[in-house]
Amino acid sequence: MNPRRDPVTHVVLLFGAVLFVAPLWLALVGSTQDPAAIARGDLSLLPGHEGFSAYARVLAGPVPRMLLISLGMALAIAIGKIVISVLSAYAVVFFRFPGRKLAFWLIFITLMLPVEVRIIPTYSVMAGLGLINTFTGLWLPLIASATATLLFRQVFVAIPDELVEAARMDGAGPLRFLWDVVLPVSAANIAALFVILFIYGWNQYLWPLLVATNPKLDTIVIGIVKMVAVETETDWSAVMATAILALLPPVVVVLLMQRWFVAGLTESEK
Amino acid sequence: MAMLELIGLRKNFGTTEVLRQIDLSLASGEMLVIVGASGCGKSTLLRIVAGLETPSAGRILLEERDITSVDPSARDIAMVFQNYALYPHMTVFENMAYGLRIRGLSREDIAHRVDETAALLGLSEFLGRKPRQLSGGQRQRVAMGRAIVREPRLFLFDEPLSNLDATLRVRTRAEIRRLQRRLGVTSLYVTHDQVEAMTLGDRLLVLHQGRPAQLATPMEVFEHPADTYVAGFIGAPAMNFLPATLIEAGTAAKLEAGPLVHFIDGKRDGSDGKTLTIGVRPEHIRIDPEGVPLRIDLIEPLGSETLIHGRLAAPGETPLVIRLAGKAPEGDILTVAFPPEQMHVFDAATGRRLP
């Protein structure tokens, strides 16, 4: 097919691209303009004269610490979710134990209970454990994941029985089989899930807001909101600069894992 | 000395009896082929020997050691799977070395044994490749190599050729036989393909609905099938069966289609009037001007020979297949005769051969 012959497709594609890029562009040009001008509503669509001074201002403040907290939280959530769901899916798929079906269904129905629904009991449990206002409290309750468990279950179910049997005859025990065969075979899926879960963790708002009132534990998302909250003196270019900075780690993760990400979501051959 | 002995092996899945009573003894270096239609229990039998299934009753002895409840990896048995079951993320070398690595062999030993096996199978240049970069035949050889490299006491083959195309299958079949002879490893080979069964086995075990129908050398099975099931299963095209009755004090059969045939190899037991099934292989039916007329409905020329499908123009309209050397004769009707020296006599009621 000659791409030039299909202008309609291109117009739609271009429209979609502009739609997605426009807010980013606004944030980027906003971060280089005079904050007072933005506050007046004079947001120019071209880069302003302030250059990257807003970034210097922001990076001198608490933003680097916030980025670090967010990064730690997102990594802990993504890795924790993967470890737990790989292990539980492995148990459900490869072992025959009493209550296996029940275990699977219990995991399954927690899909219907998102963080927001169980946030009060979760808070009370965390309070009981003394984890309010701690870094551990930020990520620990978020690392169980029915979605990821179900996804890995599908991946593991697709591993041919003969492969399991070949490994048994080769003398590989359960943990060895998990490490030597199951994980490498599911590497693409793990990578894809890691990207999704990292962004999920990075974007957490409600739970960190609730569990950590100490400003030292503010994540970058909460930090941005707090910067905006003081209406009269909002430093808009600083907010824009922080937003741009907050975007960078997820972008880096996506770019680094892009190849794996696509393979993990589309590849079906085992 | 018996290398492998199966004693009173049974297997039920719930209320379904998959294997009913298997007693089997393999001599050292012997290749025994288990053959049967799908669902006859042949794969289950192999998996029980491998340790992947536990029998409901019975014992398995390998070199007189009871291995019935021994873990598969500790049985000293290697298996070649139907779909090869190669680890997709490992190279050929790693695939072959994996079992040895788990056994804790030294790096040098592993490299030495893998290299040797790879050379034996002509895989040396592919050791660095992943399974998906190999052709079907090469993958099959890697699967064989993974079994050979472990130097097991017993090989199990689970339809290892069924995923290969016809030409390659014939070549690999011969290769497997040569290799097995050369290594002298006792082997159990499961297949549904009767040509594989005939060419590969020192002995055949024909399984039918979980029961051994016949255990004998391939030629014995072919020439003296124990019952009508074996007779129809081994040999292609399949044997023709003609209804008949026993007459003249057990010395002759009266075919429903007309002719009367005297047994030349002695009288059969049973009273006159007993119903029989007479089996005649397609290649043994003769064209005879004096014979029974056969209406031809299909001719399949195979080059060096011709298959003729038809129905007898006699009571019963029995369908018949004939294999003739050379070209098909002219006309729609043939007259055929059944030579008494090539007849198999079965009891119609039980299906058993009447000796």
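All values derive from a computational prediction rather than experimental measurement.

> I'm lost on the interface of chain B and chain A in this one. Help?
Size of an interface, as often reported, equals the accessible area lost when the parts are brought together. Residue-level contacts link 26 residues of chain B with 16 residues of chain A. For the chain B and chain A pair, buried surface summed over both sides reaches about 1900 Å², with 57% attributable to carbon and sulfur atoms. In terms of surface lost to chain A, no three residues of chain B exceed B:Tyr87, B:His89 and B:Ile102, which account for 26% of the buried area on that side. Applying the counting rule to chain B against chain A returns three salt bridges. Across the pair A:Glu165 and B:Arg47 runs a salt bridge, and its minimum N-O distance is 2.6 Å. Where chain B packs against chain A, one counts eight residue pairs in polar contact (both at pLDDT 80 or more). When contributions to the side of chain B that touches chain A are tallied by element, the ones reaching two or more residues are helix H1 (42-50), strand E6 (77-80) and helix H2 (92-102) of chain B. It is H2(B) that provides the largest number of residues to the side of chain B that touches chain A, a total of four residues.

> Help me out: how do you make sense of a nonpolar patch on the surface in this one?
Residue and element names in this part refer to chain A. On the surface, Phe15, Leu19, Phe20, Val21, Trp25, Leu26, Leu28 and Leu45 cluster together into a nonpolar patch covering about 840 Å² of accessible area. Note on placement: Trp25 falls in helix H1 (residues 7-30). Overall, Trp25 belongs to the partly exposed group, its relative accessible area being 36%.

> What should I look at first to understand the domain arrangement of chain B in this one?
Residues and elements named next belong to chain B. Domain annotation for chain B reports domain 1 (2-232) and domain 2 (240-347). Measuring from the centre of the C-alpha atoms in domain 1 to the corresponding centre in domain 2 gives 39 Å. Of the residues lining the interface, eight residues belong to domain 1; the matching set on domain 2 comes to six residues. Counting the surface lost from both domain 1 and domain 2, the interface buries some 550 Å², and carbon and sulfur atoms represent 67% of this.

Conventions adopted
- Residues numbered from 1 in each chain as written.
- Chains lettered and ligands numbered in written order.
- Predicted model: local features only at pLDDT ≥ 70, side-chain atom pairs only at ≥ 80, totals over all residues.
- Heavy atoms only, no water.
- Contact = heavy atoms within 4.5 Å.
- Buried area = accessible area lost by both parts, 1.4 Å probe.
- Salt bridge = Lys/Arg side-chain N within 4 Å of Asp/Glu carboxyl O.
- Polar contact = N/O pair within 3.5 Å; in protein donor to acceptor, adjacent residues only side chain to side chain.
- Helix = DSSP H or I, 4+ residues; strand = E, 2+ residues; numbered from the N terminus.
- Patch = residues over 30% accessible without salt bridge, like charges linked within 9 Å, V, L, I, M, F, W, Y side chains within 5 Å.
- Areas by Shrake-Rupley, 256 points an atom, 1.4 Å probe, with all protein chains shown as cover.
- Buried < 20%, exposed > 50% of the residue type's maximum accessible area, 1.4 Å probe, protein only.
- Domains from an automatic or database assignment.

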